[in-house]
Each structure stands twice: as C-alpha cells, then as structure tokens.
Amino acid sequence: MTAFSVLDLSPIVEGGDARRALLETTELAREAERRGFTRFWLAEHHNMPGIASAATAVALAHVAANTESIRVGSGGVMLPNHAPMVIAEQFGTLEALHPGRIDLGLGRAPGTDGATARALRRYFEAADQFPRDVLELQAFLADPVEGQRVTAWPGAGSKVPIWLLGSSLFSAELAAQLGLPFAFASHFAPEMLLQALRVYRDGFRPSAQLERPYAMAAINVFAADSDAVARRLSTSMQQSFAAVVTGKPGRLKPPVDDITAVLDARQIAAVESRLTYAAIGDEATVRGKLAEFVALTGVDEVMVTGMIFDLEARLRSLEITARAVEGLQAKAA
C-alpha cells in the first residue's frame, strides 16, 4: 500500500516573519501526525526571503519536540554545503533525542544561487565529491570500528536512515549503487521523473540499509472544499515559482482570483511546466489525481507539498488530502 508524507518549506508570507513561519510549520506537522501521514520533511534553502527552514536541523529539532510519533527529516540537507561529520553530529543528536523518528535526506544542489553558495564556503569544492561525502557520512553514522581515529559523538552507531534526493539521473544512479531509498523532486522539476525512477529500479543493489528499491516522488497538492477555491489557493505558489524563475524570490504572496492579472503568458507557461504533477481541487478531484500519480509512477511513497498563504487553509488542505488518501488506501486494501 502506498505511503503518504508531507514536505514543507516553512513559507514566510507577506506581512509575516520567520517566527510565524516556523510556528505554523510546527502546527502543520502536528496536523500531519494527527491525520496519519508517515513522515514530515523540511528542506534546506539559503538566501530565500520566503523560506524559514535554512537551518534545517534546528527547525527539525523544534518540530520533533512538538510531535510524538511522525517521522521527521530533511528533504533535504544539501550535503556539499556541509562537512559530513557535522551533519552526522546534528542528526545523531536528533536521533538521540527522538529515537526511531529521524530521516536524513541528502541533496547535491546548493539550494541557492552562486553568490550564496560561495558564502557557504564549501559547495564549489564539495559538489563533485558528493558520492565520497555520502560514504563518509554513512561511516560516521555506522558503528565505530577498531582503530577509528575520528568519530561523531553523537552520531556513531545511530544508523539514521539516509535517503538520496534528486531532480535528475545522478542521484538516482547513486542511490541504486549504494542501495539507498530515493526521492525525486517532481513537485518542481518533473521532466525526468519517470526516467529517474527506471534508472533507480533497474540499477538497484541491495545494501545493509535496504533489500529492495524504495522510491518516493513529490506532488503539489492544493485541496479545498471546491475546485475553484483550491485553484485560487494555488496562485500563491504560482507567484512564488514565477518569482524564483525571474531571479526575484520574495515572501509568499496572498492568492489572487485571476493569475493572469499578476503574471504574463511567459511566466504562466514556466509555472505550469513546474506544476506538471499537481492535484488541485476538492476531495474527489485530489483523490483522482493522486491515484493517477501512483499508477503512473508506481512509487512506494508519495510526498505531498503545497505553499498555501493562510494557515487555516493549509490545515484544511491537509485534512482533505488525508481523507482522499484514506479513500485510495481503502480501495487498495
């Protein structure tokens, strides 16, 4: 039976601030837990005035401390920005505080622009060393071996499960070679989804962490009491995508009645290409779109995401999505 999880970017809305964003993220995580979702992930981005989850491990610590059972993790930590030992210590600490609930999703991109990547110091030197850094991080999280001179405390022996994330074939191939679970960022980079899943499954080699391939894919979901209301909610994310495409990211804008009034035809086309995989509508519409996505991809797990301006609308969207998922799972059973 397909599992369902939640990805949040901790959006900072116009008129809001980072504190509000992080508190609302925590409330969304509580709702995801109440509604039976498998995991709740946050993503690392930098120099983005509309995203509050840059210090991902810190934000995850707050979310985990304010939930009880849902798995909490990174979707993902951009490993080339960090020393593997530091990430092992951070996530080893999280695992020590919340045993059995922590995931470590790793990405290879900088999660930002070139100037900010330089400010982070490590990215340009480490991007080409990503496979080596993944292996080094795995070693820091594994049981220490005799004669090991450098050990991550906490971290050693925690065996925090590592996922590889990607939007191309590189991480799909590496996840297959290392026998790791793989998550594809189809919520903003849909073009290579099916090819990446095929590469991952065809090349998978069993490992100590995973006996058979386990694939996840992300989809944008905006659920409301009617299709029209859901479409309106989605215009906040459309504006956000357009701002990123034009190199002018900002805080999340309120929804609008007519997207053509604020975006031109070229911007709308660019946004629609990113929203190839989206479920926008009422419960029945969302259920149908999710069923289509699962049938198309055959993934083991679906991660839903959607940047919605108003907290109550976000919580309502998650509630309706959960009901749609229940319908799918009942049919599968």
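1. Quick word on the overall build of the protein
- Looking only at helices and strands, the protein has 12 helices and nine strands in total.
- Taking 20 Å as the expected radius of gyration for a compact globule of 333 residues, we find that the protein reaches 19 Å, a close match to that expectation.
- Referenced to the eigenvectors of the C-alpha coordinate spread, the extents of the protein come out at roughly 65 × 50 × 35 Å.
- Put simply, the protein has 333 residues, and 53% of those count as buried.
- If you take every contact in the protein between residues at least 6 apart in sequence, the share linking residues at least 24 apart comes to 73%.
- Per element, the accessible surface of the protein, about 14,400 Å² overall, is 53% carbon and sulfur.
- Taking the average place of the 32 positive charges on the side chains of the protein and the average place of its 38 negative ones, the gap between the two points comes to 2 Å.

2. A word on the pairing of strand β7 (residues 215–223)
- Within β7, nine of the nine residues are buried, which leaves it mostly tucked inside the rest of the structure.
- By the alternation rule, side chains of β7 split into A215, A217, I219, V221 and A223 and M216, A218, N220 and F222, which are all buried.
- The sheet contact formed by strand β6 (residues 182–184) and β7 spans three bridges and is parallel. Its bridge partner being in β7, F184 is matched across the sheet by A217.
- Where β7 and strand β9 (residues 301–305) come together, five bridges link them in parallel fashion. Across the sheet, the residue bridging to A217 is V302, located in β9.
- In terms of strand pairing, β7 meets strand β8 (residues 278–281) through four bridges, oriented parallel.

3. Focus: the packing of aromatic side chains
- Scanning all chains against the criterion turns up seven aromatic pairs.
- Here F182 and Y200 contribute two aromatic rings whose centre-to-centre distance is 5.4 Å and whose plane-to-plane angle is 40°, an arrangement assigned as tilted. Taken together, the residues span a long stretch of sequence, with F182 in strand β6 and Y200 in helix α8 (residues 193–203) at a distance of 18 residues.
- In this structure Y200 comes out as buried when scored by relative accessible area, which is 0%.
- Aromatic pair Y200 and F204: ring centres 5.8 Å apart, planes at 75°, arrangement edge-to-face.
- Connected via pairs of aromatic rings, a cluster forms that spans F182, F184, Y200 and F204.
- A cation sits over an aromatic face here: R108 above F170, 3.8 Å from the ring centre.
- Lying across the ring of F241, R274 places its NZ or CZ 5.5 Å from the centre.

4. Focus on the environment of Q177
- Counting through the fold element by element, Q177 comes out in helix α7 (residues 169–178).
- Sequence separation between Q177 and T305 is 128 residues, and the spatial gap between their C-alpha atoms is 28 Å.

5. Brief notes about the packing of helix α6 (residues 130–141) against α7
- Orientation of α6 relative to α7, taken along the N-to-C sense of each, is 40°, at an axis distance of 11 Å. By the criterion of interaxial angle, the relationship of α6 to α7 is oblique. The way α6 lies across α7 gives a crossing that is right-handed. Of the residues in α7, those touching α6 at F130, P131, V134 and L135 are F170, S171, L174 and L178.
- Per-class residue counts for the contact of α6 with α7 are seven nonpolar, one polar and no charged.

6. Quick notes on helix α2 (residues 56–65)
- For α2, every residue scored as buried is listed here: T56, A57, A59, L60, V63 and A64. Projected onto a plane normal to the axis of α2, the buried residues spread over an arc of 155° and lie on a single side. Seen from the open side of α2, the exposed residues pointing more than 90 degrees away from its buried face are V58 and A65.
- Its buried side turned inward, α2 meets α1 (18–34), β2 (39–42), β3 (71–78) and α3 (84–97).

7. Details of the nonpolar core
- One finds L104 and L106 to be the most contacted residues of the largest nonpolar core, which totals 70 residues.
- With eight residues, the single largest contributor to this core is helix α12 (residues 311–332).
- In this view, L106 contacts V77, L79, F130, V134, L137, I162, W163, L164 and L165; residues no more than four positions away in its chain are not counted.

Procedures and definitions
Residues numbered from 1 in each chain as written. Predicted model: local features only at pLDDT ≥ 70, side-chain atom pairs only at ≥ 80, totals over all residues. Heavy atoms only, no water. Helix = DSSP H or I, 4+ residues; strand = E, 2+ residues; numbered from the N terminus. Rg over C-alpha atoms; globule rule 2.2 N^0.38 Å. Buried < 20%, exposed > 50% of the residue type's maximum accessible area, 1.4 Å probe, protein only. Contact = heavy atoms within 4.5 Å. Areas by Shrake-Rupley, 256 points an atom, 1.4 Å probe, with all protein chains shown as cover. Lys, Arg positive; Asp, Glu negative; His and termini not counted. Charge placed at Lys NZ, Arg CZ, Asp CG, Glu CD. Pairing = 2+ DSSP bridges. Phe/Tyr/Trp six-rings, centres within 6.5 Å; stacked < 30°, edge-to-face > 60°. Lys NZ or Arg CZ within 6 Å of the ring centre and 35° of its normal. Axes fitted to C-alpha atoms, helices over the stretch in contact; angles between N-to-C directions. Parallel < 35°, antiparallel > 145°, perpendicular 65-115°, else oblique. Left-handed = near helix turned anticlockwise from the far one by under 90°. Nonpolar A, V, L, I, M, F, W, Y, C, P; charged D, E, K, R; others polar. Arc of directions from axis to C-beta. Core = buried A, V, L, I, M, F, W, Y, C linked by side-chain atoms within 4.5 Å.

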